[in-house]
Amino acid sequence: FKTYSEKGRIRKREADAMSDQTMKIRKYMEACIQYVYAGLSVLQKPDFQCCYGWLFDTVNILDFCLRPRATNGLDVRIQDKRLAVLCLLLISHIQRFVWKNRKSEYLHLQKHCSHFIRQKSKSESDKSGTFNNSSQHNKSVDSPTPSPAGSITSMASYNGTEVLDSSTVPLHSLPPSETVPSKLIKDLSKYFKLSQHLNDWVEYWEEAETLAQHNLGFFNYLDEQVGAVTSTTHIYTVATYVGQGLQNLDKDIS
């Protein structure tokens, strides 16, 4: 761990001091590869949770590296396209690794949140039915049906299935905090964060696949050197693949 983490810090400090954007990104990615190795080295230890901290920090660095791609799209230099694909491959597999290793937690949160929302929905529905039945004796036939406001079930888009199938439901759309246990809010927050890892894995991988079509010669050669990478390749192998790709950027491969 110490060896990998120190190598990563050295490369990051070197990148911090660089002014050339392309070389800066390449050096940051070299640092990220070392950070991935460092994170994996503690995975089997009692304090393995720190692995996720290292990987989260690595994702933040890679997000910075992707900014030129986001700004310039596909109209950057051919070498930057290759660099963007390598960056996308690494960040997508970090996201997959985190989600896969916390999948049991993800499923537990899903079950807990679903159970609470179903129970809450049933309770509010029963109250609504009682209210409507009693009000039938106090209104004319032509009067509108009363609709209770402010309950969790009065929010049409907020049923248990949709909450858990969507990663885009903002937490500020929850009912008032006094009607929702604080633990549920925390669990929903954790659930959405884990869902985002899953979404990012797929999104970054698909983007890498699309962008790689512009540089098939480069990546076919890299496949021959290291072996082809798929969406489910282990992150260690992906880090090795990306490292070799960074070295190949200096070669004239078409």
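To keep things clear, this report deals only with the structure shown in the data block.

What counts and how
- Residues numbered from 1 in each chain as written.
- Predicted model: local features only at pLDDT ≥ 70, side-chain atom pairs only at ≥ 80, totals over all residues.
- Heavy atoms only, no water.
- Axes fitted to C-alpha atoms, helices over the stretch in contact; angles between N-to-C directions.
- Helix = DSSP H or I, 4+ residues; strand = E, 2+ residues; numbered from the N terminus.
- Parallel < 35°, antiparallel > 145°, perpendicular 65-115°, else oblique.
- Left-handed = near helix turned anticlockwise from the far one by under 90°.
- Contact = heavy atoms within 4.5 Å.
- Nonpolar A, V, L, I, M, F, W, Y, C, P; charged D, E, K, R; others polar.
- Phe/Tyr/Trp six-rings, centres within 6.5 Å; stacked < 30°, edge-to-face > 60°.
- Buried < 20%, exposed > 50% of the residue type's maximum accessible area, 1.4 Å probe, protein only.
- Core = buried A, V, L, I, M, F, W, Y, C linked by side-chain atoms within 4.5 Å.
- Disulfide = S-S within 2.5 Å.

### A look at the packing of helix α9 (residues 216-226) against helix α10 (residues 235-248)
- Two numbers describe how α9 lies on α10: the axes approach to 10 Å, and their chain directions differ by 125°. Taken together, the axis directions place α9 and α10 in an arrangement best described as oblique. Here α9 and α10 pass one another in a crossing that is right-handed. In contact with Phe218, Phe219, Tyr221, Leu222, Asp223, Gln225 and Val226 of α9, α10 contributes Thr240, Tyr241, Gln244, Gly245 and Asn248.
- For the contact of α9 with α10, the class distribution of residues is six nonpolar, five polar and one charged.

### Regarding the packing of aromatic side chains
- Enumeration over the complete set of coordinates arrives at five aromatic pairs.
- Relative to Tyr236, the ring of Tyr37 lies with its centre 5.0 Å away and its plane at 40°, an arrangement referred to as tilted. Of the two residues, Tyr37 is situated in helix α2 (residues 21-41) and Tyr236 in helix α10; the sequence distance between them amounts to 199 residues.
- Using a relative accessible area of 42% as the deciding quantity, one classes Tyr236 as partly exposed.
- Taken together, the ring pairs in this structure connect Tyr4, Tyr37 and Tyr236 into an aromatic cluster.

### Focus on the nonpolar core
- Membership of the largest hydrophobic core comes to 50 residues, with the highest contact counts inside it found for Met29, Leu90 and Val242.
- By residue number, the principal contributor to this core is helix α5 (residues 78-101), which donates 12 residues.
- Formed by 10 residues, the second largest nonpolar core is a distinct cluster that contains Tyr106, Tyr191, Phe192 and Trp201.

### Thoughts on the state of the cysteines
- Counted according to the given criterion, the structure contains zero disulfides.
- Cys87 supplies the cysteine sulfur nearest to Cys65, a cysteine that is in no disulfide, at a spacing of 4.9 Å.
- According to the relative accessible area criterion, Cys87 is buried, its value standing at 1%.

### Quick look at the environment of Cys32
- Tracing the backbone shows Cys32 in helix α2.
- Once the C-alpha coordinates of Cys32 and Gly8 are considered, the two residues, 24 residues apart in sequence, prove to be 6.6 Å apart.
- The residues touching Cys32, leaving out its near neighbours within four places in the chain, are Thr58, Ile61, Leu62 and Leu90.

Keep in mind these values describe shape, not function.
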